[in-house]
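Descriptive analysis of the structure
Each chain, written out:
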Amino acid sequence: MGFHCSHVFSAHHNPKNFLSLSPVAAMQREDKVRVPHVLTVAGSDSGAGAGIQADLKACASRGVYCSTVITAVTAQNTAGVQGVNIVADEFVAEQLNSVLSDMRPDVVKTGMLPSIGIVKVLCQSLKEFPVGALIVDPVMVSTSGDVLAGPSVLDTFRQDLLPMADIVTPNLKEASALLGGVSLETVADMRSAAKSIHDIGPRNVLVKGGDLPDSLDAIDVLFDGKDFFEFRSSRIKTPNTHGTGCSLASSIAAELAKGSPMISAIKVAKRYIESALSYSKDIIIGNGCQGPFDHLLKLKNNEPRLHRQRPFDPTDLFLYAVTDSRMNLKWGRSITDGVKAAIEGGVTMIQLREKEADTRDFLEAAKACLEICRFHGVPLLINDRIDVALACDADGVHVGQCDMPASVVRTLLGPEKIIGVSCKTPEHAQQAYLDGADYIGCGGVFPTNTKENNLTIGLDGLKTVCLASKLPVVAIGGIGISNAHSVMDLSVPNLKGVAVVSALFDRESISTETQKLHRVLTESTTSIR
Ligand SMILES: Cc1ncc(COP(=O)(O)OP(=O)(O)O)c(N)n1
Ligand SMILES: Cc1ncsc1CCOP(=O)(O)O
Ligand SMILES: [Mg+2]
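What counts and what doesn't
Residues numbered from 1 in each chain as written. Chains lettered and ligands numbered in written order. Predicted model: local features only at pLDDT ≥ 70, side-chain atom pairs only at ≥ 80, totals over all residues. Heavy atoms only, no water. Pairing = 2+ DSSP bridges. Helix = DSSP H or I, 4+ residues; strand = E, 2+ residues; numbered from the N terminus. Axes fitted to C-alpha atoms, helices over the stretch in contact; angles between N-to-C directions. Contact = heavy atoms within 4.5 Å. Core = buried A, V, L, I, M, F, W, Y, C linked by side-chain atoms within 4.5 Å. Buried < 20%, exposed > 50% of the residue type's maximum accessible area, 1.4 Å probe, protein only. Parallel < 35°, antiparallel > 145°, perpendicular 65-115°, else oblique. Left-handed = near helix turned anticlockwise from the far one by under 90°. Nonpolar A, V, L, I, M, F, W, Y, C, P; charged D, E, K, R; others polar. Near = heavy atom within 4 Å. Polar contact = N/O pair within 3.5 Å; in protein donor to acceptor, adjacent residues only side chain to side chain. Areas by Shrake-Rupley, 256 points an atom, 1.4 Å probe, with all protein chains shown as cover. 1 Å grid on protein atoms, 1.4 Å probe; cavity = no way out; pocket = protein on both sides within 12 Å on 5 of 7 lines; lining within 4 Å. Sits in = over half its atoms within 2 Å of the grid points. Salt bridge = Lys/Arg side-chain N within 4 Å of Asp/Glu carboxyl O.

**Let's talk about the sheet that holds strand S17 (residues 495-500)**
Reading around the circumference, S10-S11-S12-S13-S14-S15-S16-S17 is the order of the 8 strands in this closed barrel, with parallel pairing throughout. With strand direction ignored, the average angle separating the axes of adjacent strands in the sheet is 25 degrees. In the packing of helix H14 (residues 359-376) onto the sheet, contacts are made with strand S11 (349-352) and strand S12 (380-383), and the angle to S12 comes to roughly 160 degrees. Where helix H17 (residues 426-434) meets the sheet, its contacts fall on strand S14 (418-423) and strand S15 (439-443), and the angle it forms with S14 comes to roughly 165 degrees.

**Re the nonpolar core**
Residues Leu-352, Ile-382 and Leu-462 are the most contacted members of the largest nonpolar core, which totals 76 residues. Ranked by the residues each element gives to this core, the list is headed by H14, at 7 residues. Ranked by size, the runner-up nonpolar core spans 40 residues in total, among them Val-99, Leu-100, Cys-123 and Leu-178.

**Thoughts on the packing of helix H5 (residues 89-103) against helix H6 (residues 116-128)**
What describes two packed helices is the angle between their axes and the distance between those same axes. Close contact between H5 and H6 brings their axes to 9 Å; oriented N to C, the two are set at 25 degrees. Classed by the angle they form, the pair H5 and H6 counts as roughly parallel. Crossing handedness for the pair H5 and H6: right-handed. Of H6, the residues touching H5 (which contributes Asp-89, Val-92, Ala-93, Leu-96 and Leu-100) are Gly-117, Ile-118, Val-121, Leu-122 and Ser-125. For the contact of H5 with H6, the class distribution of residues is 7 nonpolar, 2 polar and 1 charged.

**Section: the site of ligand 1**
Near ligand 1 you find 16 residues, and of these Arg-353, Lys-355, Asp-403, Ser-422 and Lys-451 are the closest. In this structure, a nitrogen atom belonging to ligand 1 sits 2.9 Å away from a side-chain N or O atom of Gln-351. For ligand 1, an oxygen atom lies 3.0 Å from a polar atom in the side chain of Asn-383. For ligand 1, whose free accessible area comes to 420 Å², the fraction covered by protein is 91%. For ligand 1, the cavity whose grid points lie within 2 Å of the majority of its atoms is the second largest pocket. Secondary structure elements with two or more residues in the shell around ligand 1: strand S13 (396-399) and strand S16 (473-476). Tallied by class, residues from the shell around ligand 1 come to 5 nonpolar, 6 polar and 5 charged.

**Overview of the pattern of salt bridges**
Summed over all chains, the structure comprises 24 salt bridges. Its salt-bridge partner being Lys-330, residue Asp-506 comes within 2.8 Å of it at the nearest N-O pair. With a gap of 176 residues between them, Asp-506 in the loop between helix H20 (502-505) and helix H21 (510-528) and Lys-330 in helix H12 (residues 325-330) connect regions that are remote in the sequence. Members of the salt-bridge network, linked through shared partners, are Arg-191, Asp-217, Glu-230 and Arg-232.

**As for unusual backbone geometry**
Trans peptide bonds make up the majority, and among non-glycine residues the majority have a negative phi. With omega at -10 degrees, the peptide bond leading from Gly-443 into Gly-444 counts as cis. By the secondary structure assignment, Gly-444 is in the loop between S15 and helix H18 (458-468). A positive phi angle, close to 50 degrees, is found at Leu-297, a residue other than glycine. Along the chain, Leu-297 falls in the loop between helix H11 (262-279) and strand S10 (319-322). Residue classification places Leu-297 among the partly exposed positions, given a relative accessible area of 32%.

All quantities given are derived from atomic positions and should not be read as evidence of function.
And the structure:
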């Protein structure tokens, strides 16, 4: 099917057709955003640690679009390369034509180029469709020691490809191979290798010293034809380094595609790889001696114990405890003690609302509370502070009309986290729904001393907002044992519970008051049914 398709379009017969937009199509694009784009020309790694798959992940993680031309399909895992199937030159040419003629990548990055024909086809395509920058990662031997591009390709590499490159990024073995087998053991050797490779024609040469013996740092040397630059990063002790070369080159490509100058592109790319390696140092994927790393810095958090076990359930809003640093101070309690007592009394959701706390103390308290809440299966949200929520991986945040807009919070926190928004009017409720919130907090229902200058909307105001809201609602403001039933007696289906501060935390025994309030709420909801 794919074969037929590519021939039906026959892009390479008339590539200009792809480039000239009709006035209508051009107009439709006027208000659109052009995104930075890297094309990677490389081999596929079935283990997905290196090659095309690493390039895709690195670019995605750096916020750059990545298209792919596949030069070879390898059977590969964490133990090594078991097989290589080289793609025919003509089909590499067809892929190149398809992408270059239509999508206009800003930067081309090359990896495994396993045949002379493929190198020649690539050089030809780049002459036909020039790009902003060409990064050549001269992949010859895999980190497991398997040969990915034989010596026969080297001459074509040197004669045709390297003179077109804006930067070439050999490791010590590759630099040595490009120079006919010289031995490279010191930073001084790397410098002279960079200079010799520069004589072949690339604008910049980055010799990577990751394999340099006896060094605490990973040192890379750049020569730009005039000056030498050294880039150091700490050597991360981990077996999970498969694909670092490909990923570094594609990250440099990504930064160049965004418009960065070469030196800053290399600096940013190295920092990114260092963080990803450090984050991934303990992950286990595969049984071989060299595992992949986690480009997106996400996998570790999947440990079930550390994760919220279930998606947001509106019944969690039933008895929602909101902490208050001043009340804790008044009663001489820590935040964690307050949270423990509220859970003991039966709260169904917790929000840390610590307006006075220093950020560092707040984060530490949030982490400790999160551990307690995860253990008891109670969702924990952070009031106002998206940074703290992100740093401790809380279950969500609650924001008000003057805080960060919920749509921005959703982008920052991702699709799974719980987002609550304070609403006083039907318009607020409508906007919260459009912004991707999960619930709304509506109040102050009754007068309160906990939040200054807060407008009281009464039970009528609460009912109006509930009826206009497509989201579940929790009522807040001056609610306690004496009036909680009047809130629940409104019996609007999407009013799911009450959020309380002083009725729990400005009391001698948090757990006793929580139990009492829980009973009141249960009694009013059963009497409604
Ligand atoms: C459940 C719930 N509802 C409303 C609020 C109030 O949030 P906001 O309007 O942002 O005011 P502050 O709490 O930040 O003073 C809330 N915190 N929780
Ligand atoms: C944070 C907030 N938002 C609206 S009213 C309120 C304070 C609620 O505190 P209390 O339950 O002590 O009245
Ligand atoms: Mg707020």
